[in-house]
Amino acid sequence: MGGFFIACHTVFGFLFDLLNYRGRMRKLVTHLKDRIRWSWQGLAATWHGEYSFRAWVCANLVSAGLALWLPLSDGVRALILVIGLLVLVAELFNTAIERAVDHTSTEHNLLAGQAKDAASAAVALSALAGGLAWVIGLLSLF
Ligand SMILES: Nc1ncnc2c1ncn2[C@@H]1O[C@H](COP(=O)(O)OP(=O)(O)OP(=O)(O)O)[C@@H](O)[C@H]1O
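- The name given to the chain in an unreviewed UniProt entry is Diacylglycerol kinase (ATP), with Ruegeria faecimaris as the source organism.
- Checking UniProt for the chain, the heading Subcellular location (unreviewed entry) contains the comment "Cell membrane".
- The chain has a UniProt comment under Sequence similarities (unreviewed entry) that states "Belongs to the bacterial diacylglycerol kinase family."

What follows is the structure in C-alpha cells.
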C-alpha cells in the first residue's frame, strides 16, 4: 500500500512538473515573440525617422562588403564587422536618448543638451573605432 502511494506521488508529481514546465515554456516563447516584435518596431521607427541611422546602415553594408572581398585576416574581418554593428547600436541608443529627452521637454536645458551630446559622442567614438579597425586592416595588406 505504501509503495502504491509513493508511486502515485511520483507520477502525479512528474505530471504536475510537466504541466508547469509547459506553462513556463509557453510564457517564455510569448515573451520572446513580444521582444522580437518590439525590437523590430524600434529598428523600423529608427530607420524611417533617422537619416543618420540609414546612412550608417549603408556605410556598414559597403564596409562589410569590402572587408569580405579584400584578403584580410579573419581577426581583422571580425573586428570590422563587429565594430560596424556597434556603431549601429550606438546610433540606436542615440536615437532613444534624443526621443526620450524631446518627449520630456523640447525647451533648451543644459542637462538635456549634455545628454544628447554624450549620446552623440558615443556614436562618434564607435565610428572612430571602426575607422581604426580599417586602418589596421589596410596596413596589414602591405
Ligand atoms: N533641449 C535641448 N537643450 C539643450 N541643447 C539641446 C537640446 N536639444 C538639442 N540640443 C543641442 O543640439 C544638439 C543636436 O540636437 P539633436 O540631437 O536633437 O539634433 P539632431 O539634428 O536631431 O541630431 P542627430 O543628427 O543625431 O539626429 C545636441 O547634441 C545638443 O547639443
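After that view of the structure, there is still more to cover.
## A closer look at the overall build of the chain
Step number 1: A tally of helices and strands in the chain yields 4 helices and 0 strands.
Step number 2: In the chain, which comprises 142 residues, the share counted as buried stands at 20%.
Step number 3: Residue pairs in contact within the chain that sit at least 24 positions apart in sequence constitute 68% of those at least 6 positions apart.
Step number 4: For the chain, the exposed area adds up to about 10700 Å²; of that, 73% sits on carbon and sulfur atoms.
Step number 5: Here the chain contributes 11 positively and 9 negatively charged side chains, and the mean placements of these two sets differ by 15 Å.

## Considering the site of the ligand
Step number 1: Lining the immediate surroundings of the ligand are Glu50, Asn94, Glu98, Glu107, His108, Asn109, Ala112, Gly113, Lys116 and Asp117.
Step number 2: Between an oxygen atom of the ligand and a side-chain N or O atom of asparagine 94, the distance comes to 3.5 Å.
Step number 3: In isolation the ligand exposes 620 Å². Once the protein is present, 58% of that is buried.
Step number 4: Among the elements of the structure, helix H3 (74–104) and helix H4 (110–139) are those that each provide at least two residues to the shell around the ligand.

## A short note on the nonpolar core
Step number 1: Core analysis: the largest hydrophobic core is formed by 8 residues, namely Ala67, Leu70, Leu72, Val76, Ile80, Ile83, Ala133 and Trp134.
Step number 2: At the level of elements, H3 and H4 are the ones that each hand at least two residues to this core.
Step number 3: Ranked by residues supplied to this core, first place goes to H3 with 3 residues.

## Digging into helix H2 (residues 51–69)
Step number 1: Taking 1.5 Å of rise per residue, the 19 residues of H2 would be expected to cover 27 Å, and the 27 Å separating its terminal C-alpha atoms lies within 8% of that figure.
Step number 2: The complete set of buried residues in H2 reads Phe53, Val57, Asn60, Ser63 and Ala67. Projected down its long axis, H2 shows its buried positions confined to an angular sector of 130°, all on one face. Turned more than 90 degrees away from the buried face of H2 sit Tyr51, Leu61, Val62 and Trp69, all of them exposed.

## So, the domain arrangement of the chain
Step number 1: Split into domains, the chain comes out as domain 1 (1–49) and domain 2 (51–142).
Step number 2: Placing the centre of domain 1 and that of domain 2 at their C-alpha centroids yields a distance of 36 Å.
Step number 3: Counting residues at the interface gives 6 residues for domain 1, matched by 7 residues for domain 2.
Step number 4: Taken together, both faces of the contact between domain 1 and domain 2 bury some 600 Å²; the carbon and sulfur share is 68%.
Step number 5: Of all residues in domain 1, the largest losses of buried area upon contact with domain 2 belong to Leu43, Thr46 and Trp47, amounting jointly to 81% of the total for that side.
Step number 6: On inspection of domain 1 and its partner domain 2, the count reaches 0 salt bridges.
Step number 7: For the side of domain 1 that touches domain 2, the residue count by class is 3 nonpolar, 3 polar and no charged.

## Some details on a nonpolar patch on the surface
Step number 1: There is a patch of nonpolar side chains on the surface, built from Val11, Phe12, Phe14, Leu15 and Leu18 and spanning about 510 Å² of accessible area.
Step number 2: Mapped onto the fold, phenylalanine 14 is located in helix H1 (residues 2–49).

Cut-offs applied
- Residues numbered from 1 in each chain as written.
- Predicted model: local features only at pLDDT ≥ 70, side-chain atom pairs only at ≥ 80, totals over all residues.
- Heavy atoms only, no water.
- UniProt positions renumbered as here; feature names shortened; annotations may be inferred.
- Helix = DSSP H or I, 4+ residues; strand = E, 2+ residues; numbered from the N terminus.
- Buried < 20%, exposed > 50% of the residue type's maximum accessible area, 1.4 Å probe, protein only.
- Contact = heavy atoms within 4.5 Å.
- Areas by Shrake-Rupley, 256 points an atom, 1.4 Å probe, with all protein chains shown as cover.
- Lys, Arg positive; Asp, Glu negative; His and termini not counted.
- Charge placed at Lys NZ, Arg CZ, Asp CG, Glu CD.
- Near = heavy atom within 4 Å.
- Polar contact = N/O pair within 3.5 Å; in protein donor to acceptor, adjacent residues only side chain to side chain.
- Core = buried A, V, L, I, M, F, W, Y, C linked by side-chain atoms within 4.5 Å.
- Expected span 1.5 Å × (residues − 1).
- Arc of directions from axis to C-beta.
- Domains from an automatic or database assignment.
- Buried area = accessible area lost by both parts, 1.4 Å probe.
- Salt bridge = Lys/Arg side-chain N within 4 Å of Asp/Glu carboxyl O.
- Nonpolar A, V, L, I, M, F, W, Y, C, P; charged D, E, K, R; others polar.
- Patch = residues over 30% accessible without salt bridge, like charges linked within 9 Å, V, L, I, M, F, W, Y side chains within 5 Å.

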